[in-house]
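# Remarks on the overall topology
Single-letter residue listing:
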Amino acid sequence: MPSVPRCVVIGAGLLGISAAWSLARRGWTVDVLEASGAVGHPLAGSKGDARIFRLGYPEPHYVAMASAAGTLWRDLEAQSGRRLLHVTGQLSFGDAVTMEALAGSLADHQHAVEPMSRHEAEARFPDVVLPGPALFEPQSGVLAADECLRALMETAPLELQAHSPVTLLDDDGEGVTVHCADGRAIRTDVVVDCAGPEALALLGDPPPPVGAPPSLPQVAYFAAARSGGVEPTRLPVFIEWDATMVYGLPVLGSGRHAGTFKVSHHTPGPPLRDYDPAAEAPPALDADDPAHLRTLSDAVRRILPGLDPEPVATERCVYDNSADTDFVLDRVGNVVVGCGTSGHGFKFGPLLGELLADLAEGTTPTFDLRPFRLDRMNRSAAH
């Protein structure tokens, strides 16, 4: 009888857990090595309790991918019995060129989108004040991020090994030996490398040029104003497409910030120095960024006057970035790599897991992965 294929997944963030989930369901033996002590640790890009799920992208391939991911999230809800995706609708506004591209991409894929004047939008959503016209995306909403990770962990047979930093991958063509910091050497058929900002460094020296330094955007959570306030969970998701790209979403579910409204900025924050995923309480995450925090409070004053502009909680999140903000999904020898989610990857979680599993199996992925190849920066330079 043929042996059961074995895979070691490096990193227990969303991409690693999703890839492990997909491979385990395909009959693989899967071990997940996590450098830190737990899933959702302080430096994890997938930590926290709320993420936006949206279909609207200017790029048509992302619209198609988000649609496929939405189906997989609903399937995972049914399998796990957990509520994962809350549909709230979304208002997108700002740059006119981007708005036109969003509307075109959504219409091309037969997804509902409703252009609104400022007055129409504010009549529909009286607790939102807009600077101009908007697009309403009725299928968008909020993923309960912590519940999503739990659902993936619970619905597939995974072996998770915490406190297991990986130092070296030795691919001899027949398989890969994974060398761990504690001296272990694990032999496997394929590695799926989802080690976040460390992922590309594990591929060799020098790492591929598609990477970019991780960064630290600011996050803040807001509650209803004491006078004339609005219940945060009744508000829609919003994205302001401009230079800062501030966005906001109600925190639904049962996480520690449930019942508040989360606001952040998509543009990268300051670089994260001395990245160490094994650190339990990295000092870099303890301090707020005053300038970015003012930007978030000012956005609440402008757009959501029914909320108190003084946040009830703040935190920093980590962006595992690529040079062009597109994901990295590729295979080199017997090592598959998934990283560079650049702050917009969570919504695609189970789909990215399926695509990474396709690469591990050597089967044709269900989407064209050329935009996500490791060598894309070299190819762009050549043209």
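What this report covers is the structure whose coordinates are included nearby. (Residues numbered from 1 in each chain as written. Predicted model: local features only at pLDDT ≥ 70, side-chain atom pairs only at ≥ 80, totals over all residues. Heavy atoms only, no water.)

## Some thoughts on helix H1 (residues 14-25)
Because each turn of an α-helix spans 3.6 residues, side chains separated by three or four positions end up pointing in the same direction. In this model, H1 (twelve residues) spans 16 Å end to end at C-alpha, consistent with the 16 Å of a helix rising 1.5 Å per residue. Of all twelve residues in H1, eleven are buried; the element is thus mostly enclosed. Taken together, the buried positions of H1 are occupied by Leu14, Leu15, Gly16, Ile17, Ser18, Ala19, Ala20, Trp21, Ser22, Leu23 and Ala24. Two residues or fewer past H1, glycine 27 is found with a positive phi of approximately 95°. (Helix = DSSP H or I, 4+ residues; strand = E, 2+ residues; numbered from the N terminus. Expected span 1.5 Å × (residues − 1). Buried < 20%, exposed > 50% of the residue type's maximum accessible area, 1.4 Å probe, protein only.)

## Here we look at the packing of H1 against helix H7 (residues 349-361)
Look at H1 against H7: their axes get within 7 Å of each other, and the N-to-C directions meet at 60°. When the interaxial angle is binned, H1 and H7 end up oblique. Considering only the axes of H1 and H7, their crossing is right-handed. Contacts from Leu14, Leu15, Ser18, Ala19, Trp21, Ser22 and Leu23 of H1 reach H7 at Gly349, Pro350, Leu352, Gly353, Glu354, Leu356, Ala357, Ala360 and Glu361. (Axes fitted to C-alpha atoms, helices over the stretch in contact; angles between N-to-C directions. Parallel < 35°, antiparallel > 145°, perpendicular 65-115°, else oblique. Left-handed = near helix turned anticlockwise from the far one by under 90°. Contact = heavy atoms within 4.5 Å.)

## Observations concerning the sheet that holds strand S8 (residues 141-143)
Ordered by their spatial adjacency, three strands build an open sheet running S3-S8-S4, and the pairing between neighbours is antiparallel. A strand with exactly one partner marks an edge of an open sheet, and here the two such strands are strand S3 (51-53) and strand S4 (85-87). Neighbour-to-neighbour, the strand axes of this sheet turn through a mean angle of 30°, independent of strand direction. Strand direction decides the pairing type here: S4 and S8, joined by three bridges, are antiparallel. For valine 87, the partnering residue across the bridge sits in S8 and is glycine 141. (Pairing = 2+ DSSP bridges.)

## Here we look at the packing of aromatic side chains
Here the distance between the centres and the angle between the planes together describe a pair of aromatic rings. Inspection of every chain in the model, using the stated rule, returns eleven aromatic pairs. Ring plane angle 55° and centroid distance 6.0 Å describe the contact between tyrosine 62 and phenylalanine 372, whose orientation is recorded as tilted. Residue tyrosine 62 is found in helix H2 (residues 60-80), and its partner phenylalanine 372 is found in the loop between H7 and helix H8 (376-382); the two are separated by 310 residues along the sequence. There is no split in this pair, since tyrosine 62 and phenylalanine 372 are both buried. With centroids separated by 6.1 Å and ring planes inclined at 5°, the aromatic side chains of tryptophan 73 and phenylalanine 346 adopt a geometry described as stacked. You can see tryptophan 73 sitting in helix H2 and its partner phenylalanine 346 sitting in the loop between strand S20 (335-339) and H7, a full 273 residues away along the chain. By relative accessible area, which is 0% here, tryptophan 73 ends up buried. Among the aromatic side chains, those forming a connected cluster through ring pairs are Tyr57, Tyr62, Phe327, Phe348 and Phe372. (Phe/Tyr/Trp six-rings, centres within 6.5 Å; stacked < 30°, edge-to-face > 60°.)

## Examining the sheet that holds strand S12 (residues 185-188)
Spatial strand order, S10-S11-S12: three strands in an open sheet with antiparallel pairing. In this open sheet, the two edge strands, each paired with only one partner strand, are strand S10 (166-171) and S12. Across the sheet, the mean angle from the axis of one strand to that of its neighbour is 20°, orientation sign disregarded.

## Some thoughts on the pairing of S10
A regular strand carries its side chains on alternate faces of the sheet. The pairing of S10 with strand S11 (residues 176-180) spans five bridges and is antiparallel. Across the sheet, the residue bridging to aspartate 171 is valine 176, located in S11.

## With respect to the environment of phenylalanine 327
Looking at where phenylalanine 327 falls in the secondary structure, it is placed in the loop between strand S18 (313-316) and strand S19 (328-332). Through-space distance from the C-alpha of phenylalanine 327 to that of proline 371 is 8.1 Å; in sequence the pair is 44 residues apart. Excluding anything up to four places from it in sequence, phenylalanine 327 contacts Tyr62, Cys339, Gly340, Thr341, His344, Gly345, Phe348, Leu352, Pro371, Phe372 and Arg376.

## With respect to the pattern of salt bridges
Opposite charge on two side chains makes pairing possible when the charged atoms of those side chains draw close. Applying the stated rule across the entire model yields 20 salt bridges. Arginine 6 is the partner of aspartate 31 in a salt bridge, and the nearest nitrogen-oxygen pair spans 2.6 Å. Remark: arginine 6 occurs in strand S1 (residues 6-10) and aspartate 31 occurs in strand S2 (residues 29-33); sequence separation between them is 25 residues. Overall, arginine 6 belongs to the partly exposed group, its relative accessible area being 30%. For arginine 187, the salt bridge goes to aspartate 172, with nearest N and O atoms at 2.9 Å. Remark: aspartate 172 occurs in the loop between S10 and S11 and arginine 187 occurs in strand S12; sequence separation between them is 15 residues. Take aspartate 172: its relative accessible area is 46%, and that puts it in the partly exposed class. (Salt bridge = Lys/Arg side-chain N within 4 Å of Asp/Glu carboxyl O.)

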